Amino acid sequence: MRTRATRRGLALTELGLGAAQFGNLYRATSLAEVAGTMDAAWDAGIRLFDTAPHYGIGLSERRLGAELQKHPRDDFAISTKVGRLLEPSPELAGERDSDMFDVPADHVRVWDFSRDGILRSVEESLTRTGLDRFDILYLHDPDDHFEQACTEGIQTLIELREQGVVRAVGAGMNSAPYLTQLIERADVDIVMCAGRFTLLDSSAVADLLPLAHERGVGVVAAGIYNSGLLASPRPPANATYDYVQAPAELIGRAHRIADACEAHGVTLPDAAIAYVLRHPAVVSVVVGVRTPAQLAQTIDRYETDIPEALWRDLAEHHLIPESLA
């Protein structure tokens with residue numbers, strides 16, 4: 001597994017494991033699936049793991065931490081996120097979480113990008129994971145709280161970095177303009193760009209990626225399948241894009257890209273991973289997986305050699321920006 005480094009020397013594997021499914025995203029994930037997937041990821045050389053309090057109301061952090069405690073702490077990098085505190089809600093304990101995760105609603109998420117809220121969030125995440133430190137801390141989806149997040153919030157994370165509590169700080173969002181603003185305004189090391197740099201979405205290409213490269217800010221690409229539309233060699237008619245039914249125009253565009261991929265002997269998901277890794281600002285691609293079989297499939301896609309001619313063909317047909325051919 002190849003690695004790339006942030007400007008302060010944090011080495012990250014080009015492929016990272018996203019652990020939202022460990023928090024029962026959409027449906028339950030068994031402990032056997034978690035353990036098997038983590039073993040397979042480790043054997044494949046993956047050493048970057050991403051989680052968040054939001055994922056299963058803490059379940060993902062607990063499960064991921066338990067698995068990572070099996071390995072020497074210096075042998076992997078883990079990222080988690082701040083901005084959503086978990087508050088007990090005993091009145092809802094008999095209900096299920098209403099925010100995509102199949103877990104009891106015994107806690108609710110409370111937005112908080114204040115200094116005190118962030119320090120509390122980090123401490124609680126350390127307790128849930130059972131680890132002594134994190135390598136990356138992200139502000140998590142601060143769109144509706146951006147002014148506080150990019151002032152008080154990011155400054156708190158920078159203080160933690162300066163104290164040696166964490167090695168890299170930034171934000172994880174699906175908004176390229178907000179991430180661009182954060183890089184302009186603060187001394188961040190890394191950003192997680194979800195869904196805005198993919199074979200179907202180039203909104204990060206004009207401003208975010210060039211600025212990140214210029215400033216030496218690493219970009220972790222997430223949501224590279226756009227929640228499903230790019231996850232299959234041929235998108236079905238009911239494919240999702242950003243978690244809703246994909247428009248017919250986008251499904252058609254995905255099929256045109258798939259045509260080109262097949263002409264060059266690769267698949268649409270193969271190209272989806274390779275495409276984002278071509279950009280010099282990108283330090284890793286984080287892919288969510290639930291089972292060992294999905295992990296093996298992801299590794300196969302990552303290891304597939306993509307002919308350079310494919311990118312030229314896609315650019316000539318105006319399916320990707322010419323600058324990325």
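An account of the accompanying structure is given in this report.

This next bit is on the overall build of the chain. Broken down by element type, the chain carries ten helices and 14 strands. Relative to the globule expectation of 20 Å for 325 residues, the C-alpha radius of gyration of the chain, 19 Å, shows essentially globular dimensions. Viewed in the frame of its principal axes, the chain has a C-alpha envelope of about 55 × 40 × 40 Å. When the accessible surface of the chain is totalled, it reaches about 13,100 Å², and 50% of it is carbon and sulfur. Here the chain contributes 30 positively and 47 negatively charged side chains, and the mean placements of these two sets differ by 2 Å.

The next thing to look at is the side chain of His279. You can see His279 is positioned in the loop between helix 8 (268–277) and strand 14 (282–288). With residues up to four places along the chain from it excluded, the contact list for His279 reads Arg4, Phe197, Leu209 and Leu324.

Glancing now at the pattern of salt bridges. When the charged atoms of two side chains lie near each other, side chains of opposite charge can form a pair. The tally for this structure, following the rule as stated, stands at 27 salt bridges. Across the pair Lys70 and Glu67 runs a salt bridge whose closest N-O atoms are separated by 2.7 Å. Linked through salt bridges whose partners overlap, the residues forming this network are Arg7, Arg8, Arg161, Asp187 and Asp189.

Moving on: the packing of helix 8 against helix 9 (residues 292–303). For any two helices packed against each other, the geometry is given by the interaxial angle and the distance between the axes. At a minimum axis separation of 8 Å, helix 8 and helix 9 run at an interaxial angle of 60°. Of the possible angle classes, the one that applies to helix 8 and helix 9 is oblique. Classified by chirality, the crossing of helix 9 by helix 8 is right-handed. Residue-level contacts link Pro269, Asp270, Ile273 and Leu277 of helix 8 to Thr298, Arg301 and Tyr302 of helix 9. Class assignment for the residues of the contact of helix 8 with helix 9 results in four nonpolar, one polar and two charged.

Here strand 3 (residues 15–18) shows a buried face lined by Leu15 and Leu17 and a second buried face lined by Gly16 and Gly18. In the sheet, strand 3 pairs with strand 14 via four bridges, with the strands oriented parallel. Directly across from Leu17, in strand 14, lies its bridge partner Val287. Two elements, strand 3 and strand 4 (residues 48–50), share two bridges in a ladder whose sense is parallel. Its bridge partner being in strand 4, Leu17 is matched across the sheet by Phe49. Viewed along the sheet, the connection from strand 3 through helix 1 (residues 31–44) into strand 4 turns out right-handed.

On to the sheet that holds strand 5 (residues 77–82), then. Hydrogen bonds between backbone atoms are what pair the strands of a sheet, whose relative direction is either parallel or antiparallel. Spatially, 3-4-5-8-9-10-11-14 is the arrangement adopted by the eight strands of the closed barrel, whose pairing is parallel. In this sheet, neighbouring strand axes are inclined to one another by 25° on average, regardless of whether the strands run parallel or antiparallel. Against the sheet, helix 4 (residues 146–162) engages strand 5, strand 8 (136–140) and strand 9 (168–173), with an angle of about 170° to strand 8.

Membership of the largest hydrophobic core comes to 92 residues, with the highest contact counts inside it found for Leu17, Phe49 and Leu199. The contact partners of Leu17, leaving out residues within four places of it in the chain, are Phe22, Thr37, Met38, Ala41, Ile46, Leu48, Phe49, Asp50, Val286, Val287, Val289 and Leu295. The next biggest cluster of nonpolar side chains, apart from the first, holds 13 residues, and it includes Leu10, Tyr138, Met192 and Val220.

Turning our eyes to something else, we now look at the environment of His318. Its location among the elements puts His318 in the segment after helix 10 (308–316). Residue His318 is classed as exposed on the basis of its relative accessible area of 65%. Along the chain, His318 and Val217 lie 101 residues apart, while their C-alpha atoms are 28 Å from each other.

Our focus in this paragraph is the pairing of strand 10 (residues 190–194). The element strand 10 is largely enclosed, with a buried count of four among its five residues. Direction of pairing for strand 10 relative to strand 11 (residues 218–222): parallel, over a ladder of five bridges. In the sheet register, Val191 faces strand 11, and the bridge partner there is Val219. Read from strand 10 through helix 6 (residues 208–215) to strand 11, the crossover connection turns out right-handed.

Turning to empty space enclosed by the protein, a few remarks are in order. Applying the stated criterion across every chain, the model contains one cavity of 30 Å³ or more. Considered as a void within the structure, the largest cavity measures approximately 30 Å³ in volume. Here the lining of the largest cavity gets three residues from one element, more than from any other, and that element is helix 1. Residues of the lining of the largest cavity, tallied by class, amount to two nonpolar, one polar and three charged.

Quick notes on the rules
- Residue indices follow the written sequence of each chain, beginning from 1 at its first position.
- Reporting in this predicted model follows two pLDDT cut-offs: at least 70 for local features of residues, and 80 or more for side-chain atom pairs to be given and counted; totals over whole chains, interfaces and linings ignore these cut-offs and use all residues.
- Side-chain numbers come from the whole structure's heavy atoms, not from hydrogens or water.
- Under the DSSP-based scheme used, a helix requires at least four consecutive residues in state H or I and a strand at least two consecutive residues in state E, with every element numbered from the N terminus.
- The size measure is the radius of gyration over C-alpha atoms, and the globule rule it meets is 2.2 Å times the number of residues to the 0.38 power.
- To be clear on the numbers: accessible area is Shrake-Rupley with a 1.4 Å probe, and residue cover counts the displayed protein chains and nothing else.
- Neither His nor the chain ends contribute to the count of charged residues, in which Lys and Arg are positive and Asp and Glu negative.
- Note that the charge is assigned to NZ on lysines, CZ on arginines, CG on aspartates and CD on glutamates.
- What makes two residues a contact is simply this: any of their non-hydrogen atoms within 4.5 Å.
- In the sections that follow, a salt bridge refers to a side-chain nitrogen of Lys or Arg positioned within 4 Å of a carboxyl oxygen of Asp or Glu.
- For helices, the axis comes from a line fit to the C-alpha atoms of the stretch in contact; other axes are also lines fit to C-alpha atoms, and the angle between any two N-to-C directions lies between 0 and 180 degrees.
- Oblique is the label for any angle not under 35 degrees, not over 145, and not in the 65 to 115 range, which are roughly parallel, roughly antiparallel and roughly perpendicular in turn.
- In this scheme the crossing of two helices becomes right-handed for a clockwise turn of the near helix relative to the far one and left-handed for an anticlockwise turn of less than a right angle.
- Residues are sorted three ways: Asp, Glu, Lys and Arg are charged, Ala, Val, Leu, Ile, Met, Phe, Trp, Tyr, Cys and Pro are nonpolar, and all the rest, Gly among them, are polar.
- The classification of residues rests on relative accessible area computed with a 1.4 Å probe and restricted to protein chains. Under 20% of the type maximum is buried, over 50% is exposed, and intermediate values are partly exposed.
- Strand pairing is assigned whenever DSSP detects at least two bridges linking the two strands.
- The crossover handedness rule: strands pointing away from the viewer, path from first strand over the helix to second strand clockwise, crossover right-handed.
- Put simply, buried Ala, Val, Leu, Ile, Met, Phe, Trp, Tyr and Cys residues joined by side-chain atoms within 4.5 Å make one nonpolar core.
- Points on a 1 Å grid, built from protein atoms alone, make a cavity when a 1.4 Å probe fits but cannot get out and make a pocket when they are open with protein on both sides within 12 Å along at least 5 of 7 lines; residues with an atom within 4 Å of a point are the lining residues.
- Grid points are joined across faces, edges and corners, and a volume is the space filled by probe spheres set on the points.

In short, the description is geometric, and any link to function would need to be established separately.
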